[in-house]
Number of protein chains: 2
Amino acid sequence: MALEHAILVSLLEKPGSGYELARRFDRSIGYFWTATHQQIYRVLKRMENDGWVEARDVPQQGRPDKKEYSVADLGRAALSSWLHDPIEPESVRHDLAVKIRGAAFDDPAALIREVQRHRQAHRDRLSHYLAGEERDFTGPEATAAAAEAPPDAERELQHVVLRGGIAYERMMIDWLDDVLATLARFGPGR
Amino acid sequence: MALEHAILVSLLEKPGSGYELARRFDRSIGYFWTATHQQIYRVLKRMENDGWVEARDVPQQGRPDKKEYSVADLGRAALSSWLHDPIEPESVRHDLAVKIRGAAFDDPAALIREVQRHRQAHRDRLSHYLAGEERDFTGPEATAAAAEAPPDAERELQHVVLRGGIAYERMMIDWLDDVLATLARFGPGR
DNA sequence: GGCGTCATGTAACACGTTACATGATTAG
DNA sequence: CTAATCATGTAACGTGTTACATGACGCC
């Protein structure tokens, strides 16, 4: 399991509350690992019991108080041991691929709109990633700041993961174009 | 949920037993949807109760008898309604991406072997897909057979899904090369 | 007054994974 | 005789999803 580990990585990058983690799982780290706040609170509680993380009460004004979690030594050790443990190259799950094969037994043309919607979602995500890359890694401000600092593993590794997301979205867009062209050849009445 | 629907598609392509389905989920349809036999038997039983599939006892010689399932009208209707229902473009889950970001807080070079293992697994899967494509779609035998038959949606849609798998594996291999180059810059002692 | 955001949680259920269990046949 | 393949299942557990619940603050 890796939700624990994803949380550890996120808290090492920056401590935060369960709520903040939930929001990160809708953004940066959430691009390749999703979790809802219910899951996060449950796991966070377990991790606190196991001594992987430590909570600190942070009173806030104008907002509810929060519990800020940070990684404890045991958590760091758990992450390290997981990193050294080989994992199975995971298999993908594509609902859409099931639908595409299923369309052969229904009306292929009826899927076109659905595929277009997915294509649009991937286009949006790609734009979002590219904007983030520009802002944090390749834009003038980011490169100027980086030029003065020493090589930074955290930053470089975040960037290579983001490049993976970008490559994935580009591949999906191209493939969905291929799917659309194929579906068009099997419209109603053929 | 889509395991039900993946099973329906697979049974429409060809009726079969739970055991046979489990094997298909290790191969063709399993490239984009995985399931173990325990899951399959459980779901198949529910689907039978719901009247989505029908079982027929097939006595065999030299092997245990099997129950051959095929799709009933209710199942076809359920599939059709699912096909017309929009689904959310799913988000990916990449353990490996979590590990790569986590490596910043450990020893980046220690991940190199792991990434190489994953790269090899993707290379193997790519070869496997390409062999299947040659055999079923682009090879001389397959194209000769197809030339005599009318345009076949089932076949074409299976092919476009396979092309998606091929594109995915190629993208992953390229990205993992990028990851390896990045990790190499942060070896121990840097 | 109502809606959105910040903040944390419980409960029930669905789905997925791992381990265990059985038993026949065929190939080495 | 041993291992692999065919064939079907149960039980326990862990993870993920959906619905429900609460309450304060700020903005329109």
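Parameters at a glance
- Residues numbered from 1 in each chain as written.
- Chains lettered and ligands numbered in written order.
- Predicted model: local features only at pLDDT ≥ 70, side-chain atom pairs only at ≥ 80, totals over all residues.
- Heavy atoms only, no water.
- Helix = DSSP H or I, 4+ residues; strand = E, 2+ residues; numbered from the N terminus.
- Rg over C-alpha atoms; globule rule 2.2 N^0.38 Å.
- Contact = heavy atoms within 4.5 Å.
- Lys, Arg positive; Asp, Glu negative; His and termini not counted.
- Charge placed at Lys NZ, Arg CZ, Asp CG, Glu CD.
- UniProt positions renumbered as here; feature names shortened; annotations may be inferred.
- Least-squares fit on C-alpha atoms with pLDDT ≥ 70 in both.
- Salt bridge = Lys/Arg side-chain N within 4 Å of Asp/Glu carboxyl O.
- Buried < 20%, exposed > 50% of the residue type's maximum accessible area, 1.4 Å probe, protein only.
- Core = buried A, V, L, I, M, F, W, Y, C linked by side-chain atoms within 4.5 Å.
- Near = heavy atom within 4 Å.
- Polar contact = N/O pair within 3.5 Å; in protein donor to acceptor, adjacent residues only side chain to side chain.
- Nonpolar A, V, L, I, M, F, W, Y, C, P; charged D, E, K, R; others polar.
- Buried area = accessible area lost by both parts, 1.4 Å probe.
- Domains from an automatic or database assignment.

## Quick word on the overall build of chain A
Thought 1: A tally of regular secondary structure across chain A gives eight helices and two strands.
Thought 2: The helix and strand sequence of chain A, counted from the amino end, reads α-α-α-β-β-α-α-α-α-α.
Thought 3: Over its C-alpha trace chain A gives a radius of gyration of 21 Å, far above what one expects of a compact globule, namely 16 Å for 190 residues.
Thought 4: Its C-alpha atoms put chain A at 65 × 45 × 40 Å along the principal axes.
Thought 5: A separation threshold of at least 6 residues defines the contact pool for chain A, and within that pool the share at least 24 residues apart is 58%.
Thought 6: Computed over 26 positive and 31 negative side-chain charges, the separation of the two mean positions in chain A equals 5 Å.

## Brief notes about the UniProt feature "domain: Transcription regulator PadR C-terminal" (unreviewed entry) in chain A
Thought 1: Feature annotation in UniProt places "domain: Transcription regulator PadR C-terminal" (unreviewed entry) on residues 92–183 of chain A, given in this structure's numbering.
Thought 2: With 82% helix and 0% strand, residues 92–183 of chain A has end C-alpha atoms that lie 23 Å from one another.

## Side note on the relation of the copies chain B and chain A
Thought 1: You can overlay chain B on chain A at an RMSD of 0.1 Å; the transform is a turn of 180° with a shift of 0.0 Å along its axis. Viewed as a symmetry operation, the transformation between the two copies matches a two-fold axis. By C-alpha distance to the rotation axis, the residue of chain B lying nearest is methionine 171 of chain B, at 3.5 Å.

## Points about the pattern of salt bridges
Residues and elements named next belong to chain A.
Thought 1: All chains considered together, the criterion is met by 22 salt bridges over all chains.
Thought 2: Note that lysine 66 is salt-bridged to glutamate 20, the shortest N-O span being 2.8 Å. On the criterion of sequence distance, the pair formed by lysine 66 in strand β2 (residues 66–71) and glutamate 20 in helix α2 (residues 18–24) is long-range, its members being 46 residues apart.
Thought 3: Given a relative accessible area of 24%, glutamate 20 falls into the partly exposed group.
Thought 4: A single network of salt bridges, built from pairs that share partners, joins Lys99, Glu114 and Arg117.

## Side note on the nonpolar core
Thought 1: In terms of nonpolar packing, the biggest core is built from 93 residues, with Ile7, Phe25 and Ile100 of chain A together with Ile7, Phe25 and Ile100 of chain B touching the most fellow members.
Thought 2: For isoleucine 100 of chain A, the contacting residues outside a window of four places in its chain are Leu111, Trp175 and Val179 of chain A together with Leu157, Val160 and Val161 of chain B.

## Observations regarding the protein's contact with DNA strand D
Thought 1: Around DNA strand D, the surrounding shell holds 23 residues, and the nearest of these are Gln39 and Arg42 of chain A together with Tyr19, Gln60 and Arg93 of chain B.
Thought 2: Put simply, 63% of the atoms of DNA strand D that lie within 4 Å of the protein are in sugar or phosphate.
Thought 3: Here a phosphate oxygen of DNA strand D sits 2.9 Å away from a polar atom, N or O, in the side chain of tyrosine 41 of chain B.
Thought 4: For the surface near DNA strand D, the secondary-structure elements that each account for two or more residues are α3 (37–49) of chain A together with α2 (18–24), α3 (37–49) and β2 (66–71) of chain B.

## Looking at the protein's contact with DNA strand C
Thought 1: By nearness alone, 23 residues border DNA strand C, and Tyr41, Gln60 and Arg93 of chain A together with Gln39 and Arg42 of chain B come closest of all.
Thought 2: Expressed as a percentage, the sugar and phosphate content of the atoms of DNA strand C within 4 Å of the protein is 65%.
Thought 3: In this structure, tyrosine 19 of chain A approaches DNA strand C through a main-chain N or O atom, which is 2.9 Å from a phosphate oxygen.
Thought 4: Between a base nitrogen of DNA strand C and a side-chain N or O atom of arginine 42 of chain B, the distance comes to 2.7 Å.
Thought 5: Going through the elements one at a time, α2, α3 and β2 of chain A together with α3 of chain B are the ones with two or more residues in the surface near DNA strand C.
Thought 6: Split by residue class, the surface near DNA strand C holds five nonpolar, nine polar and nine charged.

## With respect to the interface of chain B and chain A
Thought 1: Taken together, the contact between chain B and chain A spans 70 residues of the former and 70 residues of the latter.
Thought 2: Each partner contributes to the roughly 7,000 Å² buried at the junction of chain B and chain A, and carbon and sulfur atoms together form 65% of this total.
Thought 3: At the junction of chain B with chain A, the criterion picks out six salt bridges.
Thought 4: Between arginine 101 of chain B and glutamate 13 of chain A there is a salt bridge, with the nearest N and O atoms lying 2.7 Å from each other.
Thought 5: Here chain B is connected to chain A by 35 residue pairs in polar contact (both at pLDDT 80 or more).
Thought 6: Only α1 (3–13), α4 (73–84), α5 (95–102), α6 (112–138) and α8 (153–184) of chain B provide two or more residues apiece to the side of chain B that touches chain A.
Thought 7: No other element matches α8 of chain B, which puts 17 residues into the side of chain B that touches chain A.
Thought 8: Per-class residue counts for the side of chain B that touches chain A are 38 nonpolar, twelve polar and 20 charged.

## A closer look at the domain arrangement of chain A
Thought 1: Once the domains are mapped, chain A shows domain 1 (1–84) and domain 2 (95–185).
Thought 2: Each of domain 1 of chain A and domain 2 of chain A has a C-alpha centre, and the two are 27 Å apart.

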